[in-house]
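# Report on the structure
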Amino acid sequence: MARSAFISATLFVILFLVPPLSHAQTLAASPPMGWNSWDSYGLTIDEDQFKANVKVLASLEQYGWKYAVVDEGWYMANPAGKTVELRKYLWNSNGLLIPAPDRFPSAADGAGFKPLADWVHEQGLKFGIHIMRGIPRQVVEANLPIADTLFHAEDAADKTSPCPWDEGNWGVKDNAAGQAYYDSMLRLYASWGLDFLKVDCIATNPYRPSEIRQIAEAIHKTGRPIVLSLSPGPTALDDAAEVAKYAQMWRISNDHWDGWTFHEQPYHDEFPFGLKGDFDRLAQWFTYTSPGAWPDADMLPEGWLGPSPGWGPPRQSHETPDEQRTEFTLWCVARSPLIFGGNLTRLDALSRSLLTNQTLIFIDQNASYSRPVDTANLGPGFENARVWRSTIAEPGARGYAEYFTFFNLGDSPTTLHTAWKQLGLEGAKYSVRNVWDDSVVKESKEMSVTLPPHGSALFEMR
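Cut-offs applied
- Residues numbered from 1 in each chain as written.
- Predicted model: local features only at pLDDT ≥ 70, side-chain atom pairs only at ≥ 80, totals over all residues.
- Heavy atoms only, no water.
- Disulfide = S-S within 2.5 Å.
- Helix = DSSP H or I, 4+ residues; strand = E, 2+ residues; numbered from the N terminus.
- Buried < 20%, exposed > 50% of the residue type's maximum accessible area, 1.4 Å probe, protein only.
- Pairing = 2+ DSSP bridges.
- Domains from an automatic or database assignment.
- Buried area = accessible area lost by both parts, 1.4 Å probe.
- Salt bridge = Lys/Arg side-chain N within 4 Å of Asp/Glu carboxyl O.
- Polar contact = N/O pair within 3.5 Å; in protein donor to acceptor, adjacent residues only side chain to side chain.
- Nonpolar A, V, L, I, M, F, W, Y, C, P; charged D, E, K, R; others polar.
- Axes fitted to C-alpha atoms, helices over the stretch in contact; angles between N-to-C directions.
- Parallel < 35°, antiparallel > 145°, perpendicular 65-115°, else oblique.
- Left-handed = near helix turned anticlockwise from the far one by under 90°.
- Contact = heavy atoms within 4.5 Å.
- UniProt positions renumbered as here; feature names shortened; annotations may be inferred.
- Phe/Tyr/Trp six-rings, centres within 6.5 Å; stacked < 30°, edge-to-face > 60°.
- Lys NZ or Arg CZ within 6 Å of the ring centre and 35° of its normal.
- Expected span 1.5 Å × (residues − 1).

What follows deals with the state of the cysteines. Here the structure, examined in full by the defined rule, presents one disulfide. Between cysteine 163 and cysteine 201 runs a disulfide, and the two sulfur atoms are separated by 2.3 Å. Because the sign of the S-S torsion sets the handedness, a value of about 105 degrees for the bond joining cysteine 163 and cysteine 201 places this disulfide among the right-handed ones. You can see cysteine 163 sitting in the loop between β5 (157-158) and β6 (169-172) and its partner cysteine 201 sitting in the loop between β7 (196-200) and α9 (209-222), a full 38 residues away along the chain. Take cysteine 163 and cysteine 201: they sit in the same class, and that class is buried.

Another point: unusual backbone geometry. Cis geometry marks the peptide bond from asparagine 205 to proline 206, where omega comes out at 0 degrees. Relative to the elements of secondary structure, proline 206 occurs in the loop between β7 and α9. One non-glycine residue, cysteine 201, lies in the positive phi region at around 60 degrees. Positive phi, normally seen in glycine, also occurs at asparagine 205, with a value near 50 degrees. Examined against the element boundaries, asparagine 205 turns out to sit in the loop between β7 and α9. On the accessibility criterion, asparagine 205 (39% relative accessible area) is partly exposed.

Pairing in this open sheet of three strands is antiparallel, and the strands run β4-β6-β5 from one edge to the other. For this open sheet the edge positions go to β4 (135-136) and β5, each flanked by a neighbour on one side alone. Of the pairings in the sheet, the one linking β4 to β6 comprises two bridges and is antiparallel in character. Its bridge partner being in β6, isoleucine 135 is matched across the sheet by tryptophan 170.

Quoted interface sizes are often the accessible area lost when the parts come together. Assigned domains within the protein: domain 1 (33-368) and domain 2 (371-461). For domain 1 and domain 2, the distance between their C-alpha centres works out to 34 Å. Buried surface at the junction of domain 1 and domain 2, both sides included, amounts to about 2200 Å², of which 69% is carbon and sulfur. Linking domain 1 with domain 2 are one salt bridge. The closest approach of N and O atoms between aspartate 280 and arginine 386, which form a salt bridge, is 3.1 Å. Linking domain 1 with domain 2 are eight residue pairs in polar contact (both at pLDDT 80 or more). Tallied by class, the residues present in the side of domain 1 that touches domain 2 amount to 13 nonpolar, seven polar and five charged.

Right, let's talk about the packing of helix α8 (residues 176-192) against α9 for a bit. With their axes 8 Å apart at the nearest point, α8 and α9 run at an angle of 45 degrees to one another. Taken together, α8 and α9 sit at an angle that is classed as oblique. Read as a crossing pair, α8 and α9 show a hand that is right-handed. Taking contact as the criterion, the partners of Gly178, Gln179, Tyr182, Asp183, Leu186, Arg187 and Ala190 in α8 are, on α9, Glu211, Arg213, Gln214, Ile215, Glu217, Ala218, Ile219, Lys221 and Thr222. Split into classes, the residues belonging to the contact of α8 with α9 amount to six nonpolar, four polar and six charged.

Think of two packed helices as two axes; the pair is described by the angle between the axes and how far apart they sit. Between helix α3 (residues 47-59) and helix α5 (residues 114-122), whose axes approach to 11 Å, the crossing angle comes to 15 degrees. Classified by the angle between their axes, α3 and α5 sit roughly parallel to one another. Judged by the twist between their axes, the crossing of α3 over α5 is right-handed. Across the interface between the two elements, Glu47, Phe50, Lys51, Val54 and Lys55 of α3 pack against Leu116, Trp119 and Val120 of α5.

Here arginine 251 shows up in strand β9 (residues 249-251). With a relative accessible area of 2%, arginine 251 lands in the buried category. Polar side-chain contacts of arginine 251 include one of 3.2 Å to the backbone oxygen of serine 253. Not counting chain neighbours up to four residues away, the residues in contact with arginine 251 comprise Leu230, Ser231, Pro232, Gly233, Pro234, Thr235, Asp296 and Asp298.

Here the focus is the UniProt feature "domain: Alpha galactosidase C-terminal" (unreviewed entry) in the protein. Within this structure's numbering, the places UniProt gives as "domain: Alpha galactosidase C-terminal" (unreviewed entry) are residues 403-460. Along residues 403-460 one finds 0% helix and 57% strand; the C-alpha atoms at either end are 5 Å apart.

Right, let's talk about the packing of aromatic side chains for a bit. In total, this model carries 27 aromatic pairs according to the counting rule given. Note on tryptophan 35 and tyrosine 41: the rings are 6.3 Å apart at their centroids and 80 degrees apart in plane angle, and the pair reads as edge-to-face. Across this residue pair, the class does not change: tryptophan 35 and tyrosine 41 are buried. Through successive ring pairs, a cluster of aromatic residues spans Trp35, Tyr41, Phe50, Trp74, Tyr75, Tyr89, Phe104, Phe113, Phe127, Tyr189 and Trp192. One cation-aromatic arrangement involves lysine 51 over tryptophan 119; the distance from NZ or CZ to the ring centre is 5.0 Å.

Here we take up helix α12 (residues 321-333). The first and last C-alpha atoms of α12 sit 18 Å apart over 13 residues, in line with the 18 Å expected at 1.5 Å per residue. With 10 of its 13 residues buried, α12 lies for the most part within the structure. Listing the buried residues of α12 in full gives Glu323, Gln324, Thr326, Glu327, Phe328, Thr329, Leu330, Trp331, Cys332 and Val333. Arginine 335 sits one or two residues past α12 and shows a positive phi near 60 degrees.

Structure, rendered in structure tokens:
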């Protein structure tokens, strides 16, 4: 068959014979929960380190922790290299990235990540990887063939759309060759047993809706339920409906790191994004949460961030204990995906208490309506405070439940005092359980709570 005729035939198949993409509501019906290697290992994680963390994650599976994700760099033979050439990307004969066997020995002899994914599945968990969107520039330079087609890399490469902050890849064209490249990629990765795909440099700066659609279509064609996560943010609110059509998670800020604010440093494009900024950002996105579609506030940089974090030196999280509790609580009441970033092999008591807090996780996974409360008329002290109300009205052991969370955004302790009626309740008396210490506040029409700087309190209505 002549190449032009083959291209026409391929385009016909893509446009007319492939079943239309539908948004699978059963995939990620609740916010995904898991662990990602970036905050602790950056580009450097190897198989032994990954398995050591997965073993701890498996011990937490009963609380809902499920996805184990190898972040960027798994295809680099030398992740310490300062240039793309020195990092030594590895790919197969069809230009698809493959794991570096010196770092992932089970991937030797063309096995890819299948042995590691099989091992993760044996632990009762699901396996994920990170990719940069696009096609490696060196693959394009070599013009390698695209698997099972007459297309070559140059046919798929969009040299007008590189990632502005990563020199490894060109973009992928919105054409039959580009779709064929992503199809071949997802076909290979699905054969490994992939359950989660984090795609970078695609949700903003630049926003690449054509590549989002191509990747989602490629996933659909595999027939495998693979969660699609888009990074980095901030994804534009105007694009919410479009990203929700194709992805199960999308980032709403740039990389979130372990600080209250980073205003004193001359960073740009929201990098790094501090915890204080997440309150208003999550409040903008709460109406867009739904089964299978989750605005993502990014990973939780808590506990020990080392030995080689994706940003900064190895360290215990710079967040105070109160800030870490506030961060985890905010993610849960806002129903963000919960992807822990700390090193699980050095899990401290505070982090473990958060990762096993059944009430917070129950809210994140089951709230039927969780939303910020308007604090404008709540009185003194609320100028630097936020309140979230979480309602659970689903069949199950707990039935109907209401929760109120109070946050102090100020730098000094504060006491918040308000009537339940001002928070939207009917004015009857209520007793409440403090979720943090399990104490019960006696029945009253009013509520008073004292919070430390950047602290929080969560109450279950009785």
